[in-house]
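# Chain and residue survey
Listed below are the residues making up each chain.
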Amino acid sequence: MTTTFITGANKGLGHETARRLVALGHTVILGARDPERGAATAAALGARCVRIDVTDDASVAAAAADVAAHEGVLDVLINNAGVHGPHGDPGELTGADALGVFDVNVFGVVRTTTAFLPLLRRSSDPVVVNVSSGMGSLALTHDPSRAESSAVAPLYAASKAALTMLTTQYAKGLKDIRVNAADPGYTATDLNGHSGPQSVTEGTDAIVRLATEGPGAGSGRFIDRTGPIGHS
């Protein structure tokens, strides 16, 4: 039985990832900031809800302690929680804007990964999946055939570029854990006002693939639903 914890799993990509992994036989722990909404969602999916606010050290520590007390081990950590932040004219951005986006999309991943490492190391095949974005790729954002090339979301894009690099650094430094990044692609979620052409199921293909691969599948990769994509 594979035990999987997903942050930001109350809706969108996190919710669909949880649904699919429960269907595949995983014991899924649904991480949500709102415990009431999270509990209702978890009950409907056949998962268990644990409150977690990835911007709060105490909340993250309490979530890890909860999993330690109930499951005792973690096989897969999916760092899915994310925010979009301001889009459009970057001339109006503030330092507070930047701190808010990076606090969830990058610093939250650091907090959560560090807190859950002891539980991951109890697994025979520990896995971390970071939900990044093609918006953080120089190659994709400069390719006129890609939707990423026309979007202006400075802090989101910068934070996802940082997350992808963080993933490769974790992969190099954590030799005992498989750490990879997934690009969901342009998926219809609340994050973009449901404007994306992909369904949430299509958007979770890469996440689910990385969460269900067997030992030896490789670490430090960045993939979308069709396969590896460039880091540049």
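Please refer to the structure placed before this passage.
Presented here is a report on the structure given in the accompanying data block. Every chain begins its residue count from 1, and numbering advances along the sequence as written. Given that the model is predicted, a residue must reach a pLDDT of at least 70 before its local features are reported, and side-chain atom pairs must reach 80 or more before they are shown or counted; all residues, however, enter totals for whole chains, interfaces and linings. Excluding hydrogens and water, the side-chain values take into account all heavy atoms of the structure.

Time to look at the packing of aromatic side chains. Classification of ring pairs rests on two measures: the distance between centres of Phe, Tyr or Trp rings, Trp counted by its six-membered ring, which must be within 6.5 Å, and the angle between planes, read as stacked under 30 degrees, edge-to-face over 60 and tilted in between. Throughout the structure, instances matching the rule amount to two aromatic pairs. Between F5 and F116, the aromatic rings sit 4.8 Å apart at their centres with planes inclined by 35 degrees, giving tilted as the arrangement. With F5 in strand β1 (residues 3–6) and F116 in helix α4 (residues 95–120), the pair connects residues that are 111 residues apart, well separated along the chain. Burial here depends on accessible area, computed with a 1.4 Å probe over protein chains only, as a share of the maximum for the residue type. Under 20% is buried, over 50% is exposed, and the range in between is partly exposed. F5 sits in the buried class, given a relative accessible area of 0%. Here F102 and F107 contribute two aromatic rings whose centre-to-centre distance is 6.3 Å and whose plane-to-plane angle is 45 degrees, an arrangement assigned as tilted. Working definition: helices are DSSP H or I runs of at least four residues, strands are E runs of at least two. Numbering for both runs from the N terminus.

Attention now goes to helix α1 (residues 12–23). In a regular helix each residue adds 1.5 Å, so twelve residues correspond to 16 Å; α1 covers 17 Å between its end C-alpha atoms and thus fits that length. Along α1, the positions that sit buried rather than exposed are L13, G14, E16, T17, A18, R20 and L21. Elements that come into contact with the buried residues of α1 comprise β1, β2 (27–32), α2 (35–45), β4 (76–79), α7 (200–203) and α8 (205–212). Residue G25 follows α1 closely and has a positive phi angle near 100 degrees. Here the expected span of a helix is defined as 1.5 Å times the quantity of residues minus one. The contact criterion used is simple: two residues touch if any of their non-hydrogen atoms lie within 4.5 Å.

The next point concerns the packing of α1 against α8. For the pair α1 and α8, the least separation of the axes is 10 Å and the interaxial angle reads 45 degrees. If you check the angle between α1 and α8, you find them oblique. Here α1 runs over α8; the crossing is right-handed. Along its contact with α1, which presents T17, R20 and L21, the element α8 presents D205, I207, V208, A211 and T212. Under this grouping Gly is polar, as are all residues other than the nonpolar Ala, Val, Leu, Ile, Met, Phe, Trp, Tyr, Cys and Pro and the charged Asp, Glu, Lys and Arg. Split into classes, the residues belonging to the contact of α1 with α8 amount to four nonpolar, two polar and two charged. Axes here mean lines fitted to C-alpha atoms, for a helix over just the part in contact, with angles spanning 0 to 180 degrees between N-to-C directions. What sets the label is the angle itself: under 35 degrees gives roughly parallel, over 145 gives roughly antiparallel, 65 to 115 gives roughly perpendicular, and the rest give oblique. The sense of a crossing depends on the near helix, which, turned anticlockwise from the far helix by less than a right angle, makes the crossing left-handed and, turned clockwise, makes it right-handed.

Here the focus is the sheet that holds β2. The strand order across the open sheet formed by eight strands is β3-β2-β1-β4-β5-β6-β7-β8, and the pairing between neighbours is mixed. Each edge of the open sheet carries a strand with a single partner, namely β3 (48–51) and β8 (227–228). Two strands pair if DSSP finds at least two bridges between them. For β2 and β3, the ladder comprises four bridges, and the chain directions are parallel. Counted as the bridge partner of I29 is R48 from β3. Most of the contacts of α1 go to β1, to which it runs at about 170 degrees, and overall it touches β1, β2 and β4. Each of β5 (127–131), β6 (178–182) and β7 (222–224) is contacted by helix α6 (residues 154–173), which is oriented at about 160 degrees to β6, the strand it contacts most.

This part covers α2. Of the residues making up α2, those classed as buried are G38, T41, A42 and L45. In a view along the axis of α2, the buried residues occupy a sector of 100 degrees, so they form one face of it. Of the residues in α2, the exposed ones pointing more than 90 degrees away from the buried face are E36, A40, A43 and A44. Summarising the contacts, the buried residues of α2 are in contact with α1, β2 and β3. Positive backbone phi, at 85 degrees, marks G46, one or two positions downstream of α2. Note that the arc is computed from the directions linking the helix axis to the C-beta atoms.

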